[in-house]
Amino acid sequence: VDQNLLVADTAHIARLTCLTAIQRSRPMGAYDEGDDDLKLAVLTKVGECMRQLLLVPSNLLGGQGTMRKQGGYPTPAPTGRFFPLWQSASLSRCCPSSFSCSYPDLTIIEEPDRAFVVTLMADIHSMLLDKRRDIREQAVVVVVSLLQRRRGIMSELLITDIPRGDHRMETVDLMNRGGFGALLVAHEATTIAENVGSAPSHKKKVQHNSGSLPGKMKYVSFFEWLERNQEQVAAVFHGIHVQASRMAITTNVGAATPEEAIENEQKVMLLKLTSQDSSDRTILGGLERAELAQRSHDATAESHALWKRQGFDDLSSGAMQWKFLLRQLKGSCTIWEGGVNFDTSLFAKSILISSLLKKRSDTNESNDEQSDMLVVSGTSLDNAKKLTSNETVKRWKLDLTEGYERQRRRFLPNYEFHGLYNIDEKFDNVQYVDETGLRAIEDANEKPTESIKPRDSDHEGSGVMITPAEMEVTADLLKMMKLEKRHDGDDYDDIMEDEDNDAYTLSAQDDASVIATHTVSGEEQSIQPTQIDVKNDRSSNDADMNNVGEDNEGEKQADVDEGEKGNIAASSYDLITGLLKAGDWPEKSYNISRCTGLEVRKALLLWCRNALYVVDGFEQTDGEGLKGKIKRLKKETTSFQVNIRQHNSEYTEQPAAEKTKGKDKSTQDSSEEEITYQHRSQRIPFSDLYSVYRRRYQLQQNALEFYDVHRNGTLIAFSTHEEREEVLSKVLSTPLPSSIFSSSVLGGSTSINYKKFMNNLRAKITSQWVQGKITNFDFIMHINSFAGRTYNDLTQYPVFPWVLADYESEEIDLNDPKVYRDFSKPMGDQHETRAVQFRDRYEALEQSYEMGDGPPPFHYGTHYSCAAYVLYYLMRLEPFSRLALSLQGGKFDVADRLFHNIGSSWRSASSENLQDVRELIPEFFYLPDFLLNSNMFDFGTTQLGKTVHDMTLPAWAKGDPKRFIRIHRQALESDHVSRNLHKWLDLIFGYKQRGQEAVTSLNTFVHVTYEGQVDLDSIEDPVERESIIAQIQNFGQTPSRLERRPFPQRVVVSAFKERGVDFSSLPSLAMLTPPFCVVGAPQRVYLRVNTVDTCKVGMAGQIDSSVGDMCLVKGQLVGVGRTCALILPSRKYCRFGGPNNGVSVHVAMTSARYREVNKVLSIHDGMHRGPISVAKPSLNGLWLVTGGIDSTVRVWKYNSQNMQLQATLCGHDGGRITCLDVSTTFGSIVTGGTDGKILVWDLRTLTFLRILNHTPSTPCSAHDGSAKCFAVKSVSINHKNGNIVTLLHSTLCVFDINGNLVANQSPDVEFEGNDMPSCAISTDCPEWMELGIVAVSGHMNGDVRLWSIDYESELLVLRHILPEHVHSCPITALRVSGDKQDTLLVGDKSGKMSACTTLKLDQLNASELTSLVAEVQSGSVTSQGHIMPGIAIQ
């Protein structure tokens, strides 16, 4: 045994020595190149001594098991005879804690051989890709040796499951099919051939002289395979790295302390001096001292550079953390602001202030000890409520992230509103009112109260007023521009169609030219539009601002200057490392412009190993790569002076000092600017990258747009086209497990062919639309994206058609073709009278062009889409209001020219105005908020005396914006539009966009609006070039042409024919049928029970048999217990509620990898301070949200076996969390607790958003602080529109994504006793499908009820009760399954589960079919399941 002990410890020391040497051979920092010779030497020895290195106690003791199972070598008793041997051999005795280099002892490692293999393989990956051939081949030898001796461990490492972007787990096998397994076979065959061929001595000599050709070529096929599959290999080795990081076999390599280093150096010098003669000591001593002094000076300089770099790291990261923390503290459920119920808390801000004032008063009066106590009197509480009454968020702005069908529905707190519009937050008592309320205010106050006194009239015209008339392009203007046309002709279009039209070719938002001076970055403006010059009149003011900015930044700037003057080898990139995540280091940088819908800022793109960074406010000036110098750029932000319609007259009581202050702040301009330094760092990890697309910027192909898993878009423009392609190529060669490209790589492709991928994607989406699998709205959004239209660029915003032509009727029949526009004609050809004038214009311009005296002919001098038109539609909605102000020189346009009447806008664009041919934008089909003046801006009064406030809607909308949006979307999805939409697509994106077809179709615009028609490279003067670009962008830009052939027509089918039912059409109707409605007859809802089973998984340890969650896999009903939640993509489940205050992950269903159900895969302890009461994984399996009995909610990122805490959300007033739901589609988390509160959180920023307030009819006022509040039973999110279904006590409600009540149950519906609902879930029914089921409730008596919404009364309507009473005890779990939303899974307290599916027409008898045919023929419903005006739109 003693010999085995020595052998095991010796092998352990050897393993650690090899791993440490390999670690030291790698670069240890930015300036360390590593030691390749050491690396090769270690690999050689490892390959030679692999058998000895793998000696572990299990095989020394006859293979009796691992260290953990056998207990390893226990520490001998101090009196035993083996104790001196252990004491001399054990590492734990050799390395005291005071030493700078420590190693883990053998006894603490569970499986030493496996730990060694995993850690070694984590380092092998980089060596297989090394630039030196001998290192690569020696690494192969090590891998072969591991395969020979530990094939089981290697197979487990090289065959693994990897999560992909489509919410599934993909098995990647690097062991078989030409992978590492084939390497082992090839190595053995080559070894045998070499041994046979080297037997005769003369042959051996010939082989040696030939240069060992077989030795060079024997691994060629393996390295070719490795290069072809580098994405898969990198993904697998990433998992190996993760495993290695969790192993105990790690080393901490350190350096000697300064005192020890000095002492050692002095000893060496002393030895050298004493060995020399006395005559040489003086000279040698001087040389040694000089050398030592130089080294000390260099070390000191390097230390100072390091200290300075760390100081900047602390400053930068500290500032970012403070900013993030302060933003988190702003919210109605935080200490910073308080809330509806939080103002009674001892930690509320008002209470703290009151307490401090009380303490100060008591201290001044006496020194009584009672003054230190927290005093909260009734008066102070009343004052606190008054103080906090205006502190809740009242101003909101649109969230620019995208949800389902790329819709932007969610609103976020608009904290910058008051500073932007110069409104004192203390006196902002604005409350939205409709037209009736507005007239009442105007009657009470003859003139609307102004937030700040407006500017003098002689200075109001400093900005340029952009109107449709002034945006019209004339032939004279085109002559003055002197633009040279590209000579490529249609060939250029062919090239662009092949290369870039397959992606979102978005033009980056150059709103510095289009949006005047709202936000300008750079010490010198990169864009100076001649037609929008607002800066000339305030140059002196800007100079003063510059001085102030420099004074404020003096200390930081001095540090930068000192660093530049000092003789330091550190790169100036050290200044921004504090903005990076720990462990990230830039490998390359690019100068870019970051573009959003709000600003264009110069920035740096930093390429790191695991992520991209976009860092605003920096620019690289001198040098290349990371050795260049960077400088900080100033940011100018503009504020505006606007009139706000106050809801009451409190603001008129603003103190005189405040009014004077506001007046003094005014300048000679209609807006103010403040120059600051702002550096925002955005990290885009490759693991979270969802997609990347080529884009246009300033009419050039030099931009990219990145989307992360939260659908947050980042548009960046490079200096050159070559840089763009370089970054795109690097991104596509990087493992992107969550992206749309991941499935393409796993299909066996060696690399991603961007052009081919986008072509296939567009063909796939077009086919789905033709077959009726996606909606018209979704298809138009996809086509806009492929053609370069995007939300992130106002100059290339998505284009949607005018759908309806009837905006005057009291009622509208969507079955009548006469209510629709002519989709085969552009807007300029909708009425013949105006069309004749456009034809005459074209003919006149054509004659001038043929004579060489004019530009190419065109029909329209304006465009159907440009930035001004987008802001014309969205002027009421923040953050677009500020852009509209910038475009109009700091104030809103004249009231008569504002967007105030939809019917008038249709008439103007279709018939009345020769300068108006505009189309619509996507918001017309899903966002009613842009039609309301919720911010109460004062837009003025028209010449007819009408006050411009909310939009004037068509008569059939009944004054309800939600109703208008709902009917408008139904019209877009109607059969008539589906049959004719391809004609409009031909005009905008297809073969009628250009050429003779465009001329014939009256569809020709100014030539400079078409892609590739202007040769910008021929313009040498940069000022003139930027001016031309700005003018072209103001004209508008035509989308890229996608098709040279007609778009295919969508197939529109009907289930009911004259002679009966066409059963073959049902599959085409299924995808767009409302949830749980009968396909072909959506007015009918009927479910039948198909499967009944008993829940058996995850029941161990439960006090009852309640079902907690269910799913349907290949027709098999799988359920888990009450304290479990299913992780659907990986077929696992997590168990919670145990005494470990954490969760454990188990196998839910058997698979090729896991054969045993309920097997424990991982355990995660201490996730909360108390037991977890509820847990909910996201649908993609990447997030886990947990709620505890400690009233906190925690958000975790789940990756294989790792749980990474992202945030702790605190907002519930005590008690446990009872229910929660998470939606990655809209980035929302909803939580409910025993305190009766229902809170909404932002998953992307992990901050509080809003609280849902139930109607007064609720049995409990959930937020009044009463102890009688009922617990929230259920919350559930609709993943297609963000609506939230809530069940509080017995009240079922539906809220929209912004917290507005959509519908609740009728007051006549009361539940008592066993009828009480026990749980509820939401379906994914969009609001335009009015007949669809929106909510399902389970009840105490086992009933299951399905609910729809009556949008007229805003009440929930009971549509169906499950007729087969399978369940007789309380329902505990519900889940809607299937892509078609036609399967309902039900589980109860007894453990019984059932699967119910929607009835199909072919299951009905003849009499039932006859009744349905009569209903359809009577015109009560449509054949496709869309709501008919005759039924629901009365």
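One structure accompanies this document, and this report is about it.

Thresholds applied
- Residues numbered from 1 in each chain as written.
- Predicted model: local features only at pLDDT ≥ 70, side-chain atom pairs only at ≥ 80, totals over all residues.
- Heavy atoms only, no water.
- Phe/Tyr/Trp six-rings, centres within 6.5 Å; stacked < 30°, edge-to-face > 60°.
- Buried < 20%, exposed > 50% of the residue type's maximum accessible area, 1.4 Å probe, protein only.
- Lys NZ or Arg CZ within 6 Å of the ring centre and 35° of its normal.
- Helix = DSSP H or I, 4+ residues; strand = E, 2+ residues; numbered from the N terminus.
- Contact = heavy atoms within 4.5 Å.
- Expected span 1.5 Å × (residues − 1).
- Arc of directions from axis to C-beta.
- Core = buried A, V, L, I, M, F, W, Y, C linked by side-chain atoms within 4.5 Å.
- Pairing = 2+ DSSP bridges.
- Axes fitted to C-alpha atoms, helices over the stretch in contact; angles between N-to-C directions.
- Salt bridge = Lys/Arg side-chain N within 4 Å of Asp/Glu carboxyl O.
- Polar contact = N/O pair within 3.5 Å; in protein donor to acceptor, adjacent residues only side chain to side chain.

## What to know about the packing of aromatic side chains
So, step 1. Under the defined criterion, the tally for this structure stands at 38 aromatic pairs.
So, step 2. With a centroid separation of 5.5 Å and an interplanar angle of 70°, the aromatic rings of Tyr791 and Tyr797 are classed as edge-to-face.
So, step 3. You can call Tyr791 buried: its relative accessible area is 2%.
So, step 4. When the ring centre of Trp607 is taken as origin, the NZ or CZ atom of Lys730, which lies over that ring, is 4.4 Å away.
So, step 5. Just above the ring of Phe823 sits the side chain of Arg821; from NZ or CZ to the centre is 5.5 Å.

## Brief notes about unusual backbone geometry
So, step 1. Of note, the amide linkage connecting Glu878 to Pro879 takes the cis form, showing an omega dihedral of 10°.
So, step 2. Among the secondary structure elements, Pro879 is positioned in the loop between helix H34 (867–874) and helix H35 (880–887).
So, step 3. Although it is not a glycine, Lys1114 adopts a positive phi angle of roughly 55°.
So, step 4. Considering the arrangement of structural elements, one finds Lys1114 in the loop between strand E21 (1107–1113) and strand E22 (1116–1121).
So, step 5. Looking at Lys1114, the relative accessible area reads 80%, which means it is exposed.

## Regarding the environment of Met951
So, step 1. Its place among the elements puts Met951 in the loop between helix H36 (902–912) and helix H37 (961–972).
So, step 2. The exposure class of Met951 is buried, given its relative accessible area of 7%.
So, step 3. When the C-alpha positions of Met951 and His900 are compared, they lie 4.8 Å apart, and in sequence the two are 51 residues distant.
So, step 4. Contact partners of Met951, with chain neighbours within four places excluded, come to Arg876, Phe899, His900, Asn901, Ile902 and Leu931.

## Comments concerning helix H33 (residues 832–850)
So, step 1. For H33, which comprises 19 residues, the first-to-last C-alpha distance of 27 Å matches the rise-based estimate of 27 Å (1.5 Å per residue) to within 8%.
So, step 2. Turning to H33, its buried residues are Arg834, Ala835, Phe838, Tyr842 and Leu845. Buried residues along H33 cover an arc of 100° about the axis, so they all sit on one side. Turned more than 90 degrees from where H33 packs its buried face, Thr833, Gln847 and Glu850 sit exposed.

## A look at the nonpolar core
So, step 1. Phe706, Leu804 and Phe899 are the most contacted members of the largest nonpolar core, which totals 125 residues.
So, step 2. If you tally residues by element for this core, the top one is H34, at eight residues.
So, step 3. Ignoring sequence-local partners within four residues, the contact set of Phe899 consists of Tyr872, Tyr873, Met875, Arg876, Ser905, Phe924, Phe930, Leu931 and Met951.
So, step 4. Of all hydrophobic cores here, the second largest spans 49 residues; its members include Ala21, Leu43, Val143 and Leu147.

## What about helix H29 (residues 721–732)?
So, step 1. Counted at 1.5 Å a residue, the expected span for H29 with its twelve residues is 16 Å, and the 17 Å between its end C-alpha atoms agrees.
So, step 2. Those residues of H29 lying buried are Arg724, Val727, Leu728, Val731 and Leu732. For H29, the buried positions fall inside an angular range of 130° around the axis, keeping them on one side.

## Let's talk about the sheet that holds strand E37 (residues 1291–1295)
So, step 1. In spatial order, the strands read E35-E36-E37-E38-E42-E41-E40-E39; together these eight strands make up an open sheet with mixed pairing. Single-partner strands in this sheet number two, and they are strand E35 (1272–1277) and strand E39 (1317–1322). Taking each pair of neighbouring strands and ignoring which way they run, the sheet shows an average axis angle of 25°.
So, step 2. Where E37 meets strand E38 (residues 1301–1305), three bridges bridge the pair, whose relative direction is antiparallel. Residue Phe1295 lies in a different strand from E38, and its bridge partner there is Leu1301.

## Remarks on the pairing of E37
So, step 1. With five of its five residues buried, E37 lies for the most part within the structure.
So, step 2. Neither face of E37 is left uncovered, since the one carrying Thr1291, Cys1293 and Phe1295 and the one carrying Leu1292 and Val1294 both have all their residues buried.
So, step 3. Two strands pair when backbone bridges link them, and strand E36 (residues 1284–1288) and E37 are joined in this way by five bridges, in the antiparallel orientation. What sits directly across from Leu1288, in E37, is Thr1291.
So, step 4. Here E36 folds back onto E37, and the loop between the two strands holds two residues, one of which, His1289, carries a positive phi near 60°.
So, step 5. Counted along the chain from E37 to the antiparallel partner E38, the turn is five residues long, and its residue Gly1299 has a positive phi close to 85°.

## Comments concerning the sheet that holds strand E32 (residues 1228–1233)
So, step 1. Here four strands make up an open sheet; going across it, the order is E31-E32-E33-E34 and the pairing antiparallel. Edge positions in the sheet fall to strand E31 (1217–1223) and strand E34 (1247–1251), since each has one partner strand and no second. Taken over all neighbouring pairs, the strand axes of this sheet differ in orientation by 25° on average, direction set aside.

## Notes on the pattern of salt bridges
So, step 1. Scanning the entire structure with this criterion turns up 43 salt bridges.
So, step 2. A salt bridge links Arg969 to Glu405, with the nearest nitrogen and oxygen atoms 3.3 Å apart. Taken as a pair, Arg969 in helix H37 and Glu405 in the loop between strand E3 (396–398) and strand E4 (411–413) lie far apart in primary sequence, 564 residues in all. Here the two residues Arg969 and Glu405 agree in accessibility, since each one is buried.
So, step 3. Across the pair Arg1375 and Asp1109 runs a salt bridge whose closest N-O atoms are separated by 3.0 Å.

## Overview of the side chain of Thr714
So, step 1. Looking at the secondary structure, you find Thr714 in strand E17 (residues 713–718).
So, step 2. The buried category is assigned to Thr714, whose relative accessible area is 3%.
So, step 3. Within polar-contact distance, the side chain of Thr714 engages the side chain of Gln682 at 2.8 Å.
So, step 4. Excluding anything up to four places from it in sequence, Thr714 contacts Arg594, Val614, Gln682, Ile684, Leu704, Glu705 and Phe706.

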